[in-house]
Amino acid sequence: MRVRSSVEQRIWTEINRMTTQTIGILGAGKVGTGVARQALLAGYRVLIAASGDPKNIDLIISVMAPGAKAATAAQVMEEADLVVLSVPLHKFRTLDPAALAGKHVVDTMNYWRDTNGDMPELEEAPSSSEMVLAHIPGALLAKSLNHIGYHELELDALPAGTPGRRALAVAADDDATRTMVLDFVERLGFDAVDAGDLSNGLAFEPNTPIFNGSYDKAGIAAELAAHLTAERELEPAV
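Just so you know, these numbers come straight off a predicted model, no measurement behind them.

What counts, and at which threshold
- Residues numbered from 1 in each chain as written.
- Predicted model: local features only at pLDDT ≥ 70, side-chain atom pairs only at ≥ 80, totals over all residues.
- Heavy atoms only, no water.
- Helix = DSSP H or I, 4+ residues; strand = E, 2+ residues; numbered from the N terminus.
- Areas by Shrake-Rupley, 256 points an atom, 1.4 Å probe, with all protein chains shown as cover.
- Buried < 20%, exposed > 50% of the residue type's maximum accessible area, 1.4 Å probe, protein only.
- Pairing = 2+ DSSP bridges.
- Phe/Tyr/Trp six-rings, centres within 6.5 Å; stacked < 30°, edge-to-face > 60°.
- Lys NZ or Arg CZ within 6 Å of the ring centre and 35° of its normal.
- Contact = heavy atoms within 4.5 Å.
- Polar contact = N/O pair within 3.5 Å; in protein donor to acceptor, adjacent residues only side chain to side chain.
- Expected span 1.5 Å × (residues − 1).

Undergrad: Got a sec to walk through the overall build of the chain? Specific residues and values, please.
TA: What the chain contains, in helices and strands, is 12 helices and eight strands. With an accessible surface of roughly 11800 Å², the chain has 56% of that area assigned to carbon and sulfur atoms.

Given below as structure tokens:
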């Protein structure tokens, strides 16, 4: 039997690591269960956790995301290849930094004053995802799936290659995480657009053109470019 070289072994290990099998969702609300339904259709194993005993959400999960499994937050963070944050943004403070260290995580959360109240941390942060990352600094965090309605996840999903297929942006500092989430978005039924670093997630937060609209791949790429140009213009001259 041929033995793999060290380079081949590293490549093989990375390929296996990048093959997302289990999606763990923190949050059993409309967004979390909407993501769960699409992930199940895409062939993923799906775990969903809310606060408290998983038995408390068994019925909700069986109705809203049949095929998913109710779990504890600890189980989700331990077993998931990709953790999806779908809780109200102000609850980011309850996330366990140690349990999420080294995990691939995608932030789908948005700030809504009526729901989240005043958040001094957000006022001081460049973006909501960077605020979350400051709390879970060991996590490999991406931003995506926040600029689409939970109902649109099913209504707008289309097979790859379909003309006019809706696109969603993905921002992350870690290349492996970005690649993983880009693939996840594609498998959910959307063209995935690489938005670059996590800080660029600001381009698709609430009250931005990307957040407020629906774009194909070229449209989102153009809006991202416009955002980056505007950001550069705001930078002080050296």
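Undergrad: Report on the pairing of strand β5 (residues 104–107), specifying residues and quantitative values.
TA: Alternating residues of β5 divide into His104 and Val106 and Val105 and Asp107, and every residue in both groups is buried. Of the strand pairs in this sheet, β5 and strand β6 (residues 140–143) are connected by four bridges, and their pairing is parallel. Note that in β6 the partner of valine 106 across the bridge is alanine 142.

Undergrad: Can you explain the packing of aromatic side chains? Please cite residues and give values.
TA: Enumeration over the complete set of coordinates arrives at two aromatic pairs. Ring centres of tyrosine 44 and phenylalanine 184 lie 5.3 Å apart, and the angle between their planes is 75 degrees; on these two criteria the pair is classed as edge-to-face. Of the two residues, tyrosine 44 is situated in the loop between α2 (30–41) and β2 (45–49) and phenylalanine 184 in helix α10 (residues 175–188); the sequence distance between them amounts to 140 residues. On the basis of relative accessible area, phenylalanine 184 is assigned to the buried category, the value being 0%. Judged by centre distance (5.8 Å) and plane angle (55 degrees), the rings of tryptophan 112 and phenylalanine 211 are tilted. Of this pair, tryptophan 112 sits in the loop between β5 and α6 (113–116) while phenylalanine 211 sits in helix α11 (residues 209–212); the two residues are 99 residues apart in sequence, bridging distant segments of the chain. In this structure tryptophan 112 comes out as partly exposed when scored by relative accessible area, which is 42%. Over the aromatic face of tyrosine 44 sits the side chain of arginine 187, whose NZ or CZ is 4.0 Å from the ring centroid.

Undergrad: Can you explain the environment of serine 129? Please cite residues and give values.
TA: Within the secondary structure, serine 129 is located in helix α8 (residues 128–135). As a C-alpha pair, serine 129 and valine 106 span 23 residues in sequence and 9.4 Å in three-dimensional space. Those residues in contact with serine 129 that lie beyond four places of it in its chain are Asp107, Leu141, Lys143, Leu198 and Glu205. One polar contact links serine 129 to aspartate 107, side chain to side chain, over a distance of 2.7 Å.

Undergrad: So what about α2? Which residues, and what values?
TA: Taking 1.5 Å of rise per residue, the 12 residues of α2 would be expected to cover 16 Å, and the 17 Å separating its terminal C-alpha atoms lies within 8% of that figure. Taken as a whole, α2 has its buried residues at Gly32, Thr33, Gly34, Val35, Ala36, Arg37, Gln38 and Ala39. Immediately downstream of α2, the backbone of glycine 43 shows phi near 95 degrees, a positive value.

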